[in-house]
Amino acid sequence: MLEFKFSNVAREIEVYGYDAVVKSHCRMCHGGCGVLVYTKNGKVAKIAGDPDCPINHGTLCSKGLASAQLAYHPDRLTYPVRRIGPKGSGQWERISWDEALNAIAERILDYKDRFGAESIVMGYGTGRENEAVIYRFANLLGTPNVLTAGHFCYGPRIATSIITCGTNPIVDYENHPKCIMVWGNNLVISNPDCYKGEPFSTSLNAGAKLIAVDPRLTRIAARADVWLQLRPGTDTALALGMLNVIVNEELYDKEFVAKHVYGWEPFVKRVNEYPVDKVAEITWVPQDKIRQAARLFATTKPAAIQWGVAIEQQVTCADNNRALMALMGITGNIDVPGGQVLFSTAKIRNVGQFGAHKLLPYEQAKKRLGGERFRLAGNFAIINPKCVWDAILEKKPYAVKMLFFISSNPVLTRANAREVYRALEKVDFMAVADFFLTPTAELADIVLPAATWLEMDYIGDFWKRHGYLLPRRKVVQIGECRSDHEMLNDLGHRVGQSEHWWDDFEGGLDYILEPSGIKWQDFKKMNYIRGQVRYRKYQERGFSTPTKKFELYSTLLENWGYDPLPKFREPPESPVSMPERHKQYPYILITGARSPGFFHTENRQLPWLRELHKDPVVEIHPDTAEKEGIKEGQWVMIESVRGKVRQRAKIYAGIHPNVVSAQHAWWFPEKKDPAHGWDESNINILTDNAYDTCDPAMGATSVRTLLCKIYPERNRQTKV
Ligand SMILES: Nc1nc2c(c(=O)[nH]1)N[C@H]1C(S)=C(S)[C@@H](COP(=O)(O)OP(=O)(O)OC[C@H]3O[C@@H](n4cnc5c(=O)[nH]c(N)nc54)[C@H](O)[C@@H]3O)O[C@H]1N2
Ligand SMILES: Nc1nc2c(c(=O)[nH]1)N[C@H]1C(S)=C(S)[C@@H](COP(=O)(O)OP(=O)(O)OC[C@H]3O[C@@H](n4cnc5c(=O)[nH]c(N)nc54)[C@H](O)[C@@H]3O)O[C@H]1N2
Ligand code: SF4
Ligand SMILES: [Mo]
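In this text, all values refer to a predicted model and were calculated from it rather than measured experimentally.

Side note on the packing of helix H19 (residues 385–393) against helix H21 (residues 417–426)
Next, step 1: Between H19 and H21, whose axes approach to 9 Å, the crossing angle comes to 45 degrees. In terms of their interaxial angle, H19 and H21 are classed as oblique. Read as a crossing pair, H19 and H21 show a hand that is left-handed. Of the residues in H21, those touching H19 at Lys386, Trp389, Asp390, Ile392 and Leu393 are Glu419, Val420, Arg422, Ala423, Leu424 and Lys426.
Next, step 2: Looking at the contact of H19 with H21 residue by residue, the classes come out as six nonpolar, no polar and five charged.

If you want it as structure tokens, here you go:
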């Protein structure tokens, strides 16, 4: 057993009679926190933060603490099932793993044979540390179609940072930035991707200046030195306005610019198209605040930008990212201690090498759905979801026959939910791997019972860019649940991919670790490994881009036919672009701001977490509520041209009177009929996925900036 520096552990075991304590690595969100899992009578009895973990230093969030309620939930699927009634009938029979995997393998081989491997779409949602195995399986199968959330989540940050400076720049909280600009992110609640709220808060406590760019007064905005309450969807304009100040007041890092950037002159010309007065008008942010934020950010060293998903779920997705990277770059904060670091991974086979895109034949890669339309996405193996729904519903450009969703609930999480639902109803065959029979799983033919993080061995934080890798150790086995890795390893053998898989997935773990000379059994005994930390690597070898420079002007975007410089695009549905519609739908709707206990559609079954959020909630300014006759806690209808749903009003002065903020991903697992209320409060019934409303390079759907109206729900008594 590992040694615990934390001396209370031995004492707790003795006093409370635990069987054992296992160090592991939580993954109730994107994961990352080190945990101590206490077991009693063979079951998980308590979860606590691991003070020795460099990621969370002993802290945990509500979701991590509630993990055992997920693992042991009575509604959890603990064996494979096959649907025996019509889709959505809720009629299932228990089958064995062999039967389930054989049936799925048979379909895969049949569709591949008759319609080509591209007729099979593999799908996952947000990062669940299974992406590498899913891509490996898909690439070996020959399908270029892996449907993720990558078109509007994190994929854009990865793709744009690779084309700009070679990899994703990560905030170096360990060296305490002196100024942090939090942009469209709420990490103290969301703990997203490579970040946890705890190190950020520690840097603030160490004295960092704080700038928040958010249409809502979040906790972070409330603590900020400068809060820029911008009009949703105008981020590129704001960033270009700040760049305008920095360039014209010569606050940039002249040496970095002279030696390391590409495209300075055209870039300066572009930022000069965004003078501060014009930007103030576009963004609703007063001119003096734009100047104040720009000066503070550019003159406090080191500084970093903590960016979030809000900037990606817009029609100006890729350019938002690139404009923020320009801010990081020209202020000299790239790859410096306390700035934004291009960390190296440990010496292992990384996600890309394991997923191995080179295993996919070129002629198959060319068939990627939407690959020609959204070329930045296509080049990073990311597809826009509507391309899949169209291929099912209209067989364009070819028919998709099979969907296999491993950890996703698209009926609730993708834009234009009614279209998603129609596609899932129509597709020939659908398999799902999940913990529960979700509204998506209810439309499947076969559902496989997935293992939670407590039930698997894996290399935690494998996909992240902070350079740490930590062992996730299996603590318990529940029912017949299996990890996605084990499941795909097994399925791989059944579809003729045996030479690329292992007897069991421990072989896969050894393969990942092989370059570092350690085996899983050794790694399991370690706390973590980390890539070598070095700064200013570009001084020796330049950046990993075609010009070897930090590309303010993107040569790759130019080759793909896009504007090589960032520019603001008005959201397709906004008071400016649709003044007529705006008269009827007078509010800007933003969706999806994270709440602490849920992870998208997850956890609504868990008592500790549902207690924190009983009902879906929409934030409305008090003046707006008064105008619309809405009271605190009342059920209201939110309506766009595409549909309407109900949520409860939360009256909140921290939001602009012209903006409302609705929660996403709501369903009601307590409703036992197979629909589980999927269309009652699901905000994606209101969102749009038309191609021309998406980012032209990345295919991002703009779920953050819509027009809506809001009014009390009639004929319904509301208990407040
Ligand atoms: N309107 C609007 N829509 C949004 C957003 C928004 O802000 N606004 N945000 C979007 C973003 S950023 C994202 S990333 C997507 C997320 O979209 P999804 O990833 O589709 O959302 P989840 O609800 O997290 O779906 C995950 C499902 O997988 C199951 N699951 C969890 N872990 C595992 C596992 O390890 N294995 C398996 N097999 N199953 C597992 C869960 O039970 C759940 O049913 O939603 C997007 N949708
Ligand atoms: N508890 C919990 N944690 C999560 C998730 C979850 O569902 N629940 N989801 C995970 C996933 S997949 C993701 S992608 C991350 C996302 O995590 P974050 O990036 O933190 O995303 P959000 O909280 O959705 O949005 C951040 C902020 O953006 C603001 N915002 C909205 N529109 C705009 C805009 O147009 N411009 C700007 N500048 N800001 C805007 C919102 O008001 C919100 O405060 O969280 C992850 N962590
Ligand atoms: S932040 Fe994520 S990894 Fe950390 S305890 Fe919460 S759910 Fe687990
Ligand atoms: Mo996401």
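That shown, we press on.
Some words on the site of ligand 3
Next, step 1: Around ligand 3 lies a shell formed by Cys26, Met28, Cys29, Gly31, Gly32, Cys33, Leu60, Cys61, Lys63, Gly64, Asn191 and Lys196.
Next, step 2: Its residues assigned to classes, the shell around ligand 3 shows six nonpolar, four polar and two charged.

Thoughts on the sheet that holds strand S23 (residues 617–620)
Next, step 1: One closed barrel accounts for six strands, arranged S22-S26-S23-S25-S24-S27; its pairing is mixed. With strand direction ignored, the average angle separating the axes of adjacent strands in the sheet is 45 degrees.

Observations concerning the side chain of Ser67
Next, step 1: Secondary-structure assignment places Ser67 in helix H3 (residues 67–71).
Next, step 2: When its relative accessible area of 1% is taken as the criterion, Ser67 is described as buried.
Next, step 3: Polar contacts involving the side chain of Ser67 include one to the main-chain carbonyl oxygen of Gly64, which spans 2.6 Å.
Next, step 4: At 3.3 Å, the side chain of Ser67 and the side chain of Trp453 are in polar contact.

Focus on the site of ligand 2
Next, step 1: Lining the immediate environment of ligand 2, one finds 34 residues, of which Asn186, Ser190, Asp214, Asp235 and Phe598 sit closest.
Next, step 2: Contact between ligand 2 and Lys63: a nitrogen atom at 3.4 Å from a side-chain N or O atom of the residue.
Next, step 3: One of the backbone N or O atoms of Val309 is found 2.9 Å from an oxygen atom in ligand 2.
Next, step 4: Contact with the protein chains hides 99% of the accessible area of ligand 2, taken as 910 Å² for the molecule alone.
Next, step 5: Here the residues of the shell around ligand 2 are counted per class, giving 15 nonpolar, 13 polar and six charged.
Next, step 6: Split by domain, the shell around ligand 2 shows at least three residues from each of two domains, domain 2 (169–343 + 538–559) and domain 3 (579–712).

Topic: the pairing of strand S24 (residues 635–640)
Side-chain direction in a regular strand flips from residue to residue, so the side chains alternate between the two faces of the sheet.
Next, step 1: Of all six residues making up S24, six are buried, and the element is well covered by its neighbours.
Next, step 2: By the alternation rule, side chains of S24 split into Trp635, Met637 and Glu639 and Val636, Ile638 and Ser640, which are all buried.
Next, step 3: Here S24 pairs with strand S25 (residues 643–651) via six bridges, running antiparallel. Counted as the bridge partner of Val636 is Gln647 from S25.
Next, step 4: The sheet contact formed by S24 and strand S27 (residues 706–712) spans four bridges and is antiparallel. Of the residues in S27, the one forming a bridge with Ile638 is Ile710.

Comments concerning the domain arrangement of the protein chain
Next, step 1: Here the protein chain is described as being made up of domain 1 (81–154 + 347–530), domain 2 (169–343 + 538–559) and domain 3 (579–712).
Next, step 2: One C-alpha centre belongs to domain 1, the other to domain 2; they are set 34 Å apart.
Next, step 3: Taken residue by residue, the interface counts 12 residues in domain 1 and 11 residues in domain 2.
Next, step 4: Taking both partners together, domain 1 and domain 2 bury about 1000 Å²; carbon and sulfur atoms supply 57% of that area.
Next, step 5: Where domain 1 touches domain 2, the interface holds one salt bridge.
Next, step 6: Put simply, Glu174 and Arg530 hold a salt bridge, and the shortest N to O gap is 3.2 Å.
Next, step 7: Viewed at the interface, domain 2 and domain 1 are joined by five residue pairs in polar contact (both at pLDDT 80 or more).

Analysis parameters
- Residues numbered from 1 in each chain as written.
- Chains lettered and ligands numbered in written order.
- Predicted model: local features only at pLDDT ≥ 70, side-chain atom pairs only at ≥ 80, totals over all residues.
- Heavy atoms only, no water.
- Axes fitted to C-alpha atoms, helices over the stretch in contact; angles between N-to-C directions.
- Helix = DSSP H or I, 4+ residues; strand = E, 2+ residues; numbered from the N terminus.
- Parallel < 35°, antiparallel > 145°, perpendicular 65-115°, else oblique.
- Left-handed = near helix turned anticlockwise from the far one by under 90°.
- Contact = heavy atoms within 4.5 Å.
- Nonpolar A, V, L, I, M, F, W, Y, C, P; charged D, E, K, R; others polar.
- Near = heavy atom within 4 Å.
- Pairing = 2+ DSSP bridges.
- Buried < 20%, exposed > 50% of the residue type's maximum accessible area, 1.4 Å probe, protein only.
- Polar contact = N/O pair within 3.5 Å; in protein donor to acceptor, adjacent residues only side chain to side chain.
- Areas by Shrake-Rupley, 256 points an atom, 1.4 Å probe, with all protein chains shown as cover.
- Domains from an automatic or database assignment.
- Buried area = accessible area lost by both parts, 1.4 Å probe.
- Salt bridge = Lys/Arg side-chain N within 4 Å of Asp/Glu carboxyl O.

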